[in-house]
Each structure stands twice: as structure tokens, then as C-alpha cells.
Amino acid sequence: MKTDTPKTILLSEYTPPAYLVPSIDLEFRLDPHATRVTAVSRMERTADTPADAPLVLNGAGLKLVSVAIDGAPVGPDRWLQEEERLVIRKVPAAFELTVVTEIDPAGNTALEGLYLSNGIFCTQCEAEGFRKITYFPDRPDVMARYRTTIIGDPAVLPVMLSNGNPVADEIGEDGLRHITWEDPFPKPSYLFALVAGDLALCESPFTTMSGRDVSLRLYVEPRNADKCEHAMASLKKAMVWDEQAYGREYDLDIYMIVAVDDFNMGAMENKGLNVFNSKYILARPDTATDSDYGGIEAVVAHEYFHNWTGNRITCRDWFQLSLKEGLTVFREQQFVADHQSAAVSRIHDVRVLRAAQFPEDAGPTAHPVRPDSYIEISNFYTSTVYNKGAEVIRMLHTLIGPEAFARGMDLYFERHDGQAVTCEDFVRAHADANELDLGDFFRWYVQAGTPEVSVETRHDPESRSFELTFTQTLKPTPGQPVKKPMVIPVRTALIGADGAPLALRLANEAADAPEADQTERVLVLEDRVTRFTFADVAERPVPSLLRGFSAPVKLETRAEDADLAFLMGHDDDAFNRWEAAQTYAIRVIHRLIADAAAGRPLVLPADFRDAFARTIGDDSLDPALIAEALTLPGESYLAETMTRIDVEGITAARQFVRREIGRSLEGLLLEVFDRLAAEDAGKPYSFDPASVGRRSLANLCLAYLGAPGGTAGLERARRRFETADNMTDALGGLLVLADQEDALSQPAFDAFYARWKDEPLVVDKWFMVQATASRANALDHVLKLMEHPAFSMRNPNRVRSLIGAFAASNPRGFHEASGRGYDFLADQIITLDASNPQIAARLVGPFKRWRRYDDQRQALMRQALERIAARQGLSRDVYEMVSKSLA
Ligand code: B3K
Ligand code: ZN
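Residues numbered from 1 in each chain as written. Chains lettered and ligands numbered in written order. Predicted model: local features only at pLDDT ≥ 70, side-chain atom pairs only at ≥ 80, totals over all residues. Heavy atoms only, no water.

**Considering the UniProt feature "domain: Peptidase M1 membrane alanine aminopeptidase" (unreviewed entry) in the protein**
Then comes step 1: In this numbering, the UniProt entry assigns the feature "domain: Peptidase M1 membrane alanine aminopeptidase" (unreviewed entry) to residues 231–443.
Then comes step 2: For residues 231–443, the helix share is 55%, the strand share is 9%, and the end-to-end C-alpha distance is 38 Å. (UniProt positions renumbered as here; feature names shortened; annotations may be inferred. Helix = DSSP H or I, 4+ residues; strand = E, 2+ residues; numbered from the N terminus.)

Here it is, written out as C-alpha cells:
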């Protein structure tokens, strides 16, 4: 906790470390309330450091027991203990530093450093948690070899793990077990990990491409031993894929993953010893949904991929976070696309980007992919750094092509293995490997905001030419009033009237130019206005632009409704078929909002309904894609498409479309649902793209059929809820029941809880479905659930599933005109800030868009933010989010 105004850290003030630490020996004498940590570090002054430079170590919340240099105790006259630092004067050029500290894992509710989760000791050190364990230069450009001894009672802590390999294991004279682990790879302190507790082991062998045997080990609480299979299979797939796609092999003899229930985020890639939120490991068909299975596959792979992109090559400083995160998300996306339906996975990437990153880029905490300042680095694990960072890598891949990208990656791995580097180093590897100038492309790392691209088309039948004129603008963001144009790859096709894409010859190209017969090309926008003229275009084509979402921009299309319906049915780029459906749906919803505001009666346009019906009935399409195309745009993205967010208007229009489709296409929806349900009846659950697609389309049909006000789907929803043998379908049924009046929904909630009360991850779903149900008294339900014995402010998953889900995904409840929802959230942020600042700061998110609402809501949200800001002793985390939101 800080009381004075927290300091801003600037990239421009980066200086290399004064002392390096080639190796460190750690000893942990574990005790829930008083764990003693002895750290023996070899320290070496760097050549550029003056001899009188003090040794500055980071440390927070530590009880300092003793300090010694080369074995001789150092008294307080030579050191200065500040709030978050220990400064030691007059140190030799090279020496051994021994620091003894005492920490309280059981009292550590912030879940950073060493803490206890259900009796399991575990660590979370990224970004700056190691300083909560011992005094150390806790920065990623200090890379050390770690040797870790853990001392504990084997009866209570039968499993004791750290990074690397065990090198000694004995019962000491004290009757305790002393186990020593050694990690041969130098690493930054944020990758250190320790775990100790009563854990069940699920083990499986793996042979790497060069023939080395690796033992894969999953540790879970014993009651979860039956939920490890999918995570283990995912890990093996990831290992094989990284060998094949990037030539990257695993480098230790053991790969360990531990699943714990109390974890601030998804997972952590500590070298050789990942620690995971159990949500991203545990799965059984009856407890986990398809989306959980997908999440596990993606996150297990993501953390594994970090072994090369993050661990072997790490970040010089935390401003470079996207160096490892953007790149690893991109690799994860490629992996998922190769294992699940590629188009569906791309649609998911874009949905996430639009729902989370676009609003961030347009709001008060907008920052570049490579930020240049921060108050609390934990606040910068953002969708911009992760998801937009991944889009930047994807654009590089698109611009230079897969072969050049592979050469660039090879050079990056070869040149920087074992180093802590910058985003410039990454881009330079690609430029050097391919003799390219990527200087302008680098603007994607430094300029914040989502470029807006508008396009004008002109067809001249006489000269048979077709012109595309693109104009890009990038609005100011905090601290960046003026921007330069971005390099934007626009993957393009022109679809002819017969539905076939045309050959794309640019007017200035010879007819026999190698590119001239391609039907898809990447047009690169480098200036504010860029024009492309195509030759031999007899009839006006329908352009299919930004295929596969080739750049993270907002494309303003002037296409007619009929063109969108045409693309929905004919575009040979599956992503753009989906995009056409989304654009069309957004348009229809906007018109309905305007109609409602003007008091006009609401009517679902027949053309839209017909396009919808054609898609649903198209047997040639993958059911997964049909489901994506027919899923209405989410409320968060719809809000993003409005200058002034009309809360009631969005909800009402979306509900109207849902109900009208359910009503007018009832027969078709019932037919599709019954057919899919019959196809799956009696088959054991399988997580393969085809089965996932069928379930998702069936559940979508059910959602339309069961929209409040309709009744056709209710009976089927109830039956599905009661009889499904897998969580995806059971939840599909429950979600429909949840939106009905209490007399119908409550018995379902009660039955669900009675069945699943001993499965925390399922209880999270129970909270979340209730928190997001769109009913009149949503907040009262949430307030009641806060009192439920299963609710706890100490468990981040629980907080996210009730408070987080309500605030972010129940606009009707959260934005209740009285402002009660805002008061509720402010209260929870204030309470939580005292125990877990990282989670508290995340909850500020829904307030960030406050300036985009109507005057009354603006005033109420602002008041709530000001009430938080006025609190004494706010954490840096919450202070930064709140003060930037109000600025
Ligand atoms: N690197 C971690 C995130 C750590 C967040 C620290 N506040 C997980 C990941 O991105 O793989
Ligand atoms: Zn990551």
C-alpha cells in the first residue's frame, strides 16, 4: 500500500543494471506464517558502473533478518532499508551477498510472491513478485542460475518443487525433508517458482524431435486426479507443434505444471514449472464446456510456447512485455487455428480484440503495444499488449510472407538466445534476415489507437477499371496528439457477380506479371490516402476487404445491404462471410435503436431475416461457422460502435432481433436443433471441431428459440439441462432458463448447485450465469449471492464470476439508471483493494468508458470513481486505473 502519489516509471529512463547476478542459491524453510528465506547471490559490478555505486535491491513487505557480504555480517550503518528497496553502500566489485528474510505466505492475500492456496505453497513472481520473497535486483535483464533448497515436513508437504531438476533429496537431522532443485538455464527472477503441498501426480513421457526423453508432470489436488487428461494431451500437441512449426524443442528433462485454485490470472510460464489457475487445467466432459476445453488447449500451449518466446529470450524491461506476450499469443493463435477450425478460431481472436482491445484503445488508458510509461506494471497485462501485440506480429507475417517470417524468427532465436531484449531487436531480426526496412512498420509498437480506414470504390465500365481509394485516420490518444500514418496490410479480393473472385491485375502491371492472375492480394496502405486501380474489370465487383482481418483497424464500409447479403453467401474467405453477417447485423441493430428512440415501431427487415435463414439452412457450411455467423455482435462491441452509448437501446434492439428471429424462423430453428441433437444422441463427448460445431449451433438455435417472450425452446432447454451428459449442453439449457422469470429459473439454479457444489469451477459457472442473466432485478440477485456461503472475496475466480461478470457483461443490471450498480462496484473495488490490488484494479475496467454514456450515467459513474480516488492508502494498481480514468 502506498499513501503518497505513486511514481511514474519511464521507458526513457531505462539504465542497464549496475550489478549482475550470475547465480543464486535459495533456501526456503517453509512455514505458513513464518517462512525463512536465505538467498546467497554472487554479485558482479558491470564494467560501466563506478566503483562507489551502491547496490540497490528491490524488496517489498519483507522482514529483514540479516545481511552479509562474503560471509561477514553487514550492519545497518552500511545499508538503508526503504519502503521497497534495500541500498547497500561500499560493496566490492565481486562478492557473495547473503540476505535472510522472513515472510508470511498464509497472510499473503495479494497472491503475488509466496502464498498459500488451499494449503499448497505456491509462487507468482511476474512481474515484480520476487521482491516479496527476498531482496534482489528484481528486473528481467538480471539473469541468474538458480539452485533452490526447500525444507519442509514431508507428512504435510509430500511434494516440493522448484525450477529445473532435483539434485539432492534427503531427510535432515531436523527430521525435515531437504530437497534441492537446480535450473541450468539463467533466468530472470520473474520466472522463479516454488510449489509445495499434497498433490496428486499425473505423469506421461514425451520424446523430443532429437530423441530426448522428457517427463511431463501434472500436479493437481488429489480430488482432481480424474480431470487431467485433456491438459496432458494439449501439452503434447503443443510440444509437437512447436517442433514442426518453429523447430523449437524442449530443453529440460522435466516439464511440470501445477494447478491451484487461487490464482490472479490464467497461468504462469515459470521455467520448467508452470503454475496454472485450475480453470485452465481441469476438465471432464460433465464439468467443463467446449469453451473450457478450448481455453485449456490454448493456455497450456501458450505457456509452453513461452519457453522459447519469453524464457530463453526474455524482455529487457517491462515496457517490452509484448515482445514475449504478443508473439506468444500469435503463436498460440496459429496453434489453435491448426487444431480447431481455422476460421472459427480467427473469428474468436477478432471478437476478443473488438470486445476488449478496441475499447481500451479508444479510452482513457489507451497505450501503445510498447508502452512508454507506467505506474504499476501489473496494469499493463492488457489486451493491447497481448491481443493487439499478436495482431502486430500477424501483420508482419502477412506483409513479409511466411517464408521471410520464418527466416526472421530463426535469426531472432539464433541471435538472442539467452538474452533479455527489446521489441526493436525483434523487428530488426526480421529486417536483417530479409534485407528489409521495417522502420515505418515499427509505428505499430509506439502509436496507440485503432486506425480508422474508409474506402471508396469506383467502377468505370468503359475503361474496365476499378478503383479502391483508402483513407486512414488515427485519432489522438492520451499523450499522443498527432500521429503518423500506419503501414496497413489489406488482404483483398474482388468478387464477381457469379460469386467467383476475379484475377487482380493492377493497372500499372503487365498482363503477364507474376502477380496478375492472383485472386487475392495484400494491398499495403502506407500513406493517409492510398489508391489502387485494377484493370480488366468488366462489371462492378463486390470488394472483399481486410480478409481474415488482416489488420487491427476499423474499416468503414459503404457496401449496400445487398452487397453484405451477397458476401454472406458468396465470399470465399470464411472470415469475411462472417464479417459481412456481423456488419449487416450491426447495421440492423443501429437502425432499430434509432427507430426505438424516435418512437417508431420496430420491424425486423425481411432481407436480413432471409439472409439469416439462408445461412442456417446451408448444408454446405460447417455448423461451427453457421453458429458464428448467426451469433449477434456482443453488447460491448455494439457499444463501441456508438459515439454515445445507448444502454437501453442496445439491449432492447438486440433482444428484439433475438426474439424476432426465434419467432419468425421457429420451424427452421427447431428442425436444425432436433437434427443436431439427434445426431449427437448417445455418442460419448468428444472435443473435436465437428462435434464442437454441432453443439454450438444447436445451443445457438436453442438460445433463439428460448428468447424471453418465446416459449418453443423452453421445453427443449429444460430437457437439455436435465439430461445432457456434458457441461456444454447442460449450460446451453441453463442459459435459456436463466433468462426466464424466477419461478422458472430458480429451480434450475437450485438443482445445478445441489449437484455441483463440490466442484469449484462449476460453482463459478453457477455464479456467472446468474450474474449475467438479463433480468429486471439482476443487482438484487447479485447482492444476495454475495452472501452465499460459497462466495469468497479471497478467490479471484469467484470474484470474477460474480462481480466481474456482472459489471462487464450485464449492462442492464450494471447500468441501472439509479446508479446502484456503480455504487456496488465501487464498494467492491475499495474492499478488494485492501486484500488483492491486482484483482481490484481489473474491476475498474467497466468504469473506464464512463465518458461515452448519457449525462446522468456519466455523473454517477464519475462520482463512483471519485469516491474510490478519495480513499486513503489506495494501492498503486487501483490509483493508476482510477486516476487515469478521471483524467
Ligand atoms: N506471463 C503470465 C502473466 C503474468 C501476469 C502478471 N501480473 C501469463 C502469460 O501471459 O502467459
Ligand atoms: Zn503469456
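**Notes on the site of ligand 1**
Then comes step 1: In the region of ligand 1, 13 residues are neighbours, and Glu126, Ala267, Glu269, Glu303 and Tyr386 sit closest.
Then comes step 2: In the environment of ligand 1, an oxygen atom lies 3.1 Å from a nitrogen or oxygen atom belonging to the side chain of His302.
Then comes step 3: Relative to its unbound accessible area of 340 Å², ligand 1 is 94% covered by the protein chains.
Then comes step 4: Within the residue set of the shell around ligand 1, elements represented by two or more residues are strand E20 (267–268), helix H2 (290–305) and helix H3 (321–339).
Then comes step 5: Along the lines of polarity and charge, the residues of the shell around ligand 1 split into five nonpolar, three polar and five charged. (Near = heavy atom within 4 Å. Polar contact = N/O pair within 3.5 Å; in protein donor to acceptor, adjacent residues only side chain to side chain. Areas by Shrake-Rupley, 256 points an atom, 1.4 Å probe, with all protein chains shown as cover. Nonpolar A, V, L, I, M, F, W, Y, C, P; charged D, E, K, R; others polar.)

**Some points on the coordination of the zinc ion (ligand 2)**
Then comes step 1: At the metal site, the zinc ion (ligand 2) is ligated by His302 (NE2), His306 (NE2) and Glu325 (OE), and these contacts range over 1.9 to 2.0 Å.
Then comes step 2: Mapped onto the sequence, the donors of the zinc ion (ligand 2) take the spacing H-x3-H-x18-E. With a gap of 19 residues between them, His306 in the loop between H2 and strand E22 (314–315) and Glu325 in helix H3 connect regions that are remote in the sequence. (Donors = N, O, S within 2.8 Å, 3.2 Å for Na, K, Ca; no water.)

**Considerations on the pairing of strand E27 (residues 488–495)**
Then comes step 1: E27 sits mainly inside the fold: seven of its eight residues count as buried.
Then comes step 2: With five bridges joining them, E27 and strand E29 (residues 521–525) adopt antiparallel strand pairing. The partner of Ile488 across the bridge, within E29, is Leu525.
Then comes step 3: Where E27 and strand E31 (residues 542–544) come together, three bridges link them in antiparallel fashion. Residue pairing across strands places Ala493 opposite Ser544, the latter belonging to E31. (Buried < 20%, exposed > 50% of the residue type's maximum accessible area, 1.4 Å probe, protein only. Pairing = 2+ DSSP bridges.)

**Overview of the packing of aromatic side chains**
Then comes step 1: Per the counting criterion, the structure on display carries 40 aromatic pairs.
Then comes step 2: Look at Phe612 and Tyr704: their rings are 5.5 Å apart centre to centre, the planes differ by 90°, and that puts the pair in the edge-to-face class. Of this pair, Phe612 sits in helix H11 (residues 606–616) while Tyr704 sits in helix H16 (residues 689–705), placing them 92 residues apart in sequence.
Then comes step 3: Of the residues examined, Phe612 reaches a relative accessible area of 2% and is grouped as buried.
Then comes step 4: On the accessibility criterion, Tyr704 (5% relative accessible area) is buried.
Then comes step 5: Three or more aromatic residues link up through ring pairs in this structure, and these residues are Trp241, Tyr246, Tyr250, Tyr255, Tyr304, Phe305 and Phe335.
Then comes step 6: Directly above the aromatic system of Phe185 lies the positively charged group of Lys271, at a separation of 4.2 Å from the ring centroid.
Then comes step 7: Above the face of the Tyr246 ring, Arg331 is positioned so that its terminal group lies 4.6 Å from the ring centre. (Phe/Tyr/Trp six-rings, centres within 6.5 Å; stacked < 30°, edge-to-face > 60°. Lys NZ or Arg CZ within 6 Å of the ring centre and 35° of its normal.)

**Considering unusual backbone geometry**
Negative phi values dominate among residues other than glycine, just as trans dominates among peptide bonds.
Then comes step 1: Along the chain, Glu126 connects to Ala127 via a cis peptide bond; the corresponding omega equals -5°.
Then comes step 2: The backbone of Asn118 sits at a positive phi, close to 50°, despite the residue not being glycine.
Then comes step 3: Among the secondary structure elements, Asn118 is positioned in the loop between strand E10 (113–117) and strand E11 (120–124).
Then comes step 4: The exposure class assigned to Asn118 is partly exposed, which follows from its relative accessible area of 49%.
Then comes step 5: The phi dihedral of Glu435 falls on the positive side, at around 50°, and the residue is not glycine.

**Focus on helix H22 (residues 796–809)**
Then comes step 1: Relative to the 20 Å expected for 14 residues at 1.5 Å per residue, H22 spans just 17 Å between its end C-alpha atoms, considerably shorter than the ideal helical length.
Then comes step 2: Along H22, the largest kink reaches about 35° and is centred on Ile803.
Then comes step 3: With 11 of its 14 residues buried, H22 lies for the most part within the structure.
Then comes step 4: What H22 keeps buried is the set Pro796, Asn797, Arg798, Val799, Ser801, Leu802, Ile803, Gly804, Ala805, Phe806 and Ala807.
Then comes step 5: Its buried side turned inward, H22 meets strand E21 (273–277), helix H20 (760–772), helix H21 (778–786), helix H23 (811–814), helix H24 (820–833) and helix H25 (837–842). (Expected span 1.5 Å × (residues − 1). Bend = angle between axes of the 7 residues up to and from the residue. Contact = heavy atoms within 4.5 Å.)

**Comments concerning the pattern of salt bridges**
Then comes step 1: Inspection of the entire model under this criterion finds 83 salt bridges.
Then comes step 2: With a shortest N-O distance of 2.7 Å, Lys324 and Glu126 are connected by a salt bridge. A residue pair is termed long-range when its members are at least 10 positions apart, and Lys324 in helix H3 and Glu126 in the loop between E11 and strand E12 (143–152) qualify at 198 residues.
Then comes step 3: Overall, Lys324 belongs to the buried group, its relative accessible area being 0%.
Then comes step 4: Using a relative accessible area of 8% as the deciding quantity, one classes Glu126 as buried.
Then comes step 5: For Asp764, the salt bridge is made with Arg798, and the minimal N-O distance between the two is 2.6 Å. On the criterion of sequence distance, the pair formed by Asp764 in helix H20 and Arg798 in helix H22 is long-range, its members being 34 residues apart. (Salt bridge = Lys/Arg side-chain N within 4 Å of Asp/Glu carboxyl O.)

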